[in-house]
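Each chain is listed here by its residues.
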Amino acid sequence: MTFSDDELDRYARHIVLPQFGGAGQQRLKSSSVLLVGAGGIGAGALPSLAGAGVGRIHIVDDDQVDVSNLARQPLYRSEDVGRSKAELAARFAAERNPHIEIVAVDQRVDEDNAENLLSGHDLVIDGSDNFRTRLIVSDMAVKLGLPLVSGAAAQFQGQAALLTGQPCYRCFVGEAFDSDDCDNCAELGVLGALTGTMGHFAAMLAIRHLAGIGPSDAGTLHLFDGVRARWKAITLVADPACRACGTPG
Amino acid sequence: MTQDPGKGVMINGEHRRVAEGTSIAQMIADIGLDPAKVAVERNLEIVPRSTFGEVMVEDGDEFEIVHFVGGG
C-alpha cells in the first residue's frame, strides 16, 4: 500500500513518530473500524480516527440531531437539528480526509442486524447510549473475534476499555442490563468535555491497537472521575461463567 | 462480654467492619447496592461476578465498588 504526496504531508506528524512510522500508518490505512453511536463518544472519537487515516470507517446511528446534543457533539451545527447523525458525521469525516472511505449507516444495532454490521471490520468502537446495545455489540464482537473498544460517559464518570475476547464487556457488567435499562444522558446529565475526553481516549485505544503501538492494553478498564479529575486503571478478569466468552458447560 | 470482631475492610476508601462469614454479594447488599449492578475490585483485582456469592470477605481486604457507566 503506497501513500500519495498529500497523504505523506497529511500524516507527517504521525509518520515521524518512532513507535508509529510508515508501518503504523499503513496498518491504519488498511484498517476498517465500525463506530457504533455518533453521540458524545462518537463525536469525540471520529475526528481522531478520520484524521489519523483509518482506511474505512462505518458510522452506525439511527438518531437525529437534537439541540441538546450540541453542547457535547461538535460534529453538528445548530442548523443540523433534526437531521440524521450518521449522515452528518460521515460528511464531517469525509470533508476532513478525502483518502478514507466513510459509510453512514442510519440504523440502530439490534440482535438481528449486529452480525451484518460488525462483520468485515478490524475493530469496533462502541459509544452507544445504553447497556442493551452495548451487550449486543459486545456479544457479537466476541462471536466474530473482533477487538472492541468500549467508551462510555455519564455525569462526571467515564469508562473505557479495549477488550479482545476474554475478558469481554459482559464479564464486566453481567446479565442485569439485557433489558432496555437505559443509562442515558437525558436522565442523568453528562458534561460535554467528559464525553469528548472519553471519545478521544477510545480513539487512542483503537489507534494504539490497530497501529501496534506499545504493549497490549486489552482487559484494562480505564476510569475517569471528572469530579476529582483523576484517572484509574483496573484489570478486568474473564468470568468463567460468562455466557458470551466463558467456557461452555 | 465477647463480640464477633468481624472483618475490617476498606470500601471505596472508607473503613468498614463486616461480620465474620460475609460474602461479597452480602457485603454489597448490606451497603444498599444491587450486586447485579456493580463490579467489585478486591485488592486491585476484579472479582468474577459469578463468584460474588461464594467469595468471602477477608480481614484487611480493600474494595472498590464500580458502578457501570453506559452513556454515550
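Residues numbered from 1 in each chain as written. Chains lettered and ligands numbered in written order. Predicted model: local features only at pLDDT ≥ 70, side-chain atom pairs only at ≥ 80, totals over all residues. Heavy atoms only, no water.

(A) Just the interface of chain A and chain B, in detail. Facing the 36 residues of chain A at the interface are 18 residues of chain B. Of the roughly 1,900 Å² buried at the junction of chain A and chain B (both faces included), carbon and sulfur atoms supply 62%. The tally of links from chain A across to chain B stands at 1 salt bridge. Notably, a salt bridge pairs Lys232 of chain A with Glu41 of chain B, separated by 3.4 Å at the nearest N-O pair. Where chain A touches chain B, the interface holds 13 residue pairs in polar contact (both at pLDDT 80 or more). Breaking the side of chain A that touches chain B down by element, the ones donating at least two residues are helix H4 (40-52), helix H7 (131-144), strand E5 (148-154), strand E6 (157-163), helix H8 (169-173) and strand E8 (230-235) of chain A. (Contact = heavy atoms within 4.5 Å. Buried area = accessible area lost by both parts, 1.4 Å probe. Salt bridge = Lys/Arg side-chain N within 4 Å of Asp/Glu carboxyl O. Polar contact = N/O pair within 3.5 Å; in protein donor to acceptor, adjacent residues only side chain to side chain. Helix = DSSP H or I, 4+ residues; strand = E, 2+ residues; numbered from the N terminus.)

(B) Focus on a nonpolar patch on the surface. Together, Phe156, Leu191 and Val227 of chain A make up a nonpolar patch on the protein surface, roughly 280 Å² of accessible area in all. Judged by its relative accessible area of 59%, Val227 of chain A is exposed. (Patch = residues over 30% accessible without salt bridge, like charges linked within 9 Å, V, L, I, M, F, W, Y side chains within 5 Å. Areas by Shrake-Rupley, 256 points an atom, 1.4 Å probe, with all protein chains shown as cover. Buried < 20%, exposed > 50% of the residue type's maximum accessible area, 1.4 Å probe, protein only.)

(C) Region of the structure containing the layout of surface pockets. Of the voids in this model, the largest pocket is the one considered here, and its volume is about 660 Å³. Listed by contribution, the elements that provide at least two residues to the lining of the largest pocket are E6, strand E7 (220-225) and E8 of chain A together with strand E5 (62-67) of chain B. With 4 residues, E5 of chain B is the largest single contributor of residues to the lining of the largest pocket. Taken together, the residues of the lining of the largest pocket break down into 11 nonpolar, 5 polar and 6 charged. (1 Å grid on protein atoms, 1.4 Å probe; cavity = no way out; pocket = protein on both sides within 12 Å on 5 of 7 lines; lining within 4 Å. Points joined across faces, edges and corners; volume = space filled by probe spheres on them. Nonpolar A, V, L, I, M, F, W, Y, C, P; charged D, E, K, R; others polar.)

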